[in-house]
Amino acid sequence: MKIGVVTFPGSLDDVDAQRAVRIGGNEAVALWHGDADLKGVDAVILPGGFSYGDYLRCGAISRFAPAMGKVVEAARAGMPVLGICNGFQILCESHLLPGALIRNDHRKFVCRDQLLRIENNRTAWTSAYDQGQEIRVVLKNGEGGFVADTETLARIEGEGQVVARYLEVNPNGSLNDIAGVTNERGNVVGLMPHPEHAVEELTGSGLDGLGFFTSLVEGAFA
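Nothing here was measured: the structure is a model prediction, and the numbers come from that model.

Peer 1: Sorry if this is basic, but what is going on with helix H4 (residues 150-158) here?
Peer 2: One turn of an α-helix holds 3.6 residues; hence residues three or four places apart share an orientation. Within the span of H4, buried status applies to Thr152, Leu153 and Ile156. The buried residues of H4 all sit within an arc of 100 degrees when viewed along its axis, so they share a single face. H4 presents Thr150, Glu151, Ala154 and Gly158 as exposed residues on the side facing more than 90 degrees away from its buried surface. Glycine 160, located one to two residues past H4, shows a positive phi value of around 70 degrees.

Peer 1: How should I be thinking about the nonpolar core in this particular structure?
Peer 2: In this structure, Val44, Ile45 and Trp125 are the most contacted members of the largest nonpolar core, which totals 61 residues. If one sorts the elements of this core by residue count, helix H2 (residues 66-76) sits on top with 6 residues.

Peer 1: Even after reading the chapter, I still don't get the sheet that holds strand S11 (residues 188-191), so can you show me in this structure?
Peer 2: Either a parallel or an antiparallel arrangement is found when strands of a sheet pair, and the pairing is made through backbone hydrogen bonds. Ordered by their spatial adjacency, 9 strands build an open sheet running S2-S1-S3-S4-S11-S10-S9-S6-S7, and the pairing between neighbours is mixed. Two strands close off the open sheet at either side, each with one partner strand: strand S2 (27-32) and strand S7 (134-141). On average, adjacent strands in this sheet sit at an angle of 25 degrees to one another, irrespective of strand direction. Alignment of strand S1 (residues 2-7) against strand S3 (residues 43-46), held across 3 bridges, turns out to be parallel. Across the sheet, the residue bridging to glycine 4 is valine 44, located in S3. Here helix H3 (residues 86-93) sits on the sheet in contact with S3, strand S4 (81-84), strand S10 (178-182) and S11, set at roughly 120 degrees to S4.

Peer 1: I would appreciate a short explanation of the pairing of S4 in the present structure.
Peer 2: For a regular strand, side-chain orientation follows a simple rule: the groups alternate between the two sheet faces. Going residue by residue along S4, you find Val81 and Gly83 tucked away on one face and Leu82 and Ile84 tucked away on the opposite face as well. Here 3 bridges tie S3 to S4, and the two strands are oriented parallel to one another. By the bridge assignment, leucine 46 is partnered in S4 with glycine 83. Following the backbone out of S3, through H2 and into the adjacent parallel S4, one traces a crossover that is right-handed. Sheet topology places S4 next to S11; 4 bridges connect them, and they run parallel. Looking at S11, one finds that isoleucine 84 is bridged to leucine 191.

Peer 1: What am I meant to see in the packing of aromatic side chains here?
Peer 2: The way to describe two aromatic rings as a pair is by their centre distance and the angle between their planes. As enumerated under the stated definition, the model contains 2 aromatic pairs in all. Judged by centre distance (6.2 Å) and plane angle (20 degrees), the ring pair of phenylalanine 88 and phenylalanine 146 falls under stacked. Of this pair, phenylalanine 88 sits in helix H3 while phenylalanine 146 sits in strand S8 (residues 145-147); the two residues are 58 residues apart in sequence, bridging distant segments of the chain. For phenylalanine 88, a relative accessible area of 1% gives the class buried. Take phenylalanine 146: its relative accessible area is 0%, and that puts it in the buried class.

Calculation rules
- Residues numbered from 1 in each chain as written.
- Predicted model: local features only at pLDDT ≥ 70, side-chain atom pairs only at ≥ 80, totals over all residues.
- Heavy atoms only, no water.
- Buried < 20%, exposed > 50% of the residue type's maximum accessible area, 1.4 Å probe, protein only.
- Helix = DSSP H or I, 4+ residues; strand = E, 2+ residues; numbered from the N terminus.
- Arc of directions from axis to C-beta.
- Core = buried A, V, L, I, M, F, W, Y, C linked by side-chain atoms within 4.5 Å.
- Pairing = 2+ DSSP bridges.
- Axes fitted to C-alpha atoms, helices over the stretch in contact; angles between N-to-C directions.
- Contact = heavy atoms within 4.5 Å.
- Right-handed = clockwise from strand over helix to strand, strands pointing away.
- Phe/Tyr/Trp six-rings, centres within 6.5 Å; stacked < 30°, edge-to-face > 60°.

What follows is the structure, encoded as structure tokens:
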């Protein structure tokens, strides 16, 4: 499958995401934020980093990039879209995902290998995992606290839209220990930790993140 990775000014992990896509058995396609063209890709990843310097709010400017207009349109038509860290923030700002991400409750940047539990393996990006599977991947953020109003929080919990949850410790004050969520359709996923840094034994925290990049292929041939 052809998976596009969008690069914004200030993107940090776009090349890492492209490498993870290739390791996962897919073709990585570089997409530029200023181009309203998705180049015929089958799915899109919005990578981590500090797009547009995180001015105003994280992801607030990126949502207006020409490429994002096409991403929003494609996502609403069913295209799989994964937002990692800053990409998760962009998806929330674009109203493709519920809730918002705010500054960590301890007001410090956190970088650690984080234990997670996969709560929903029925999405386009998590089908390679078992329900309830525990994985450990890299977490690095300063504004990763997931918040939502009471009604929205109850809805995403009740409808199974929580994709992953923090275990052992809540690193940023996210409500209900939420590390990632999906839309109702299951094609759009936002995740604060970085699975692209856990796809090789040589570097990172092991191979636990690889499932996010093999799920599309496995789903296509299931």
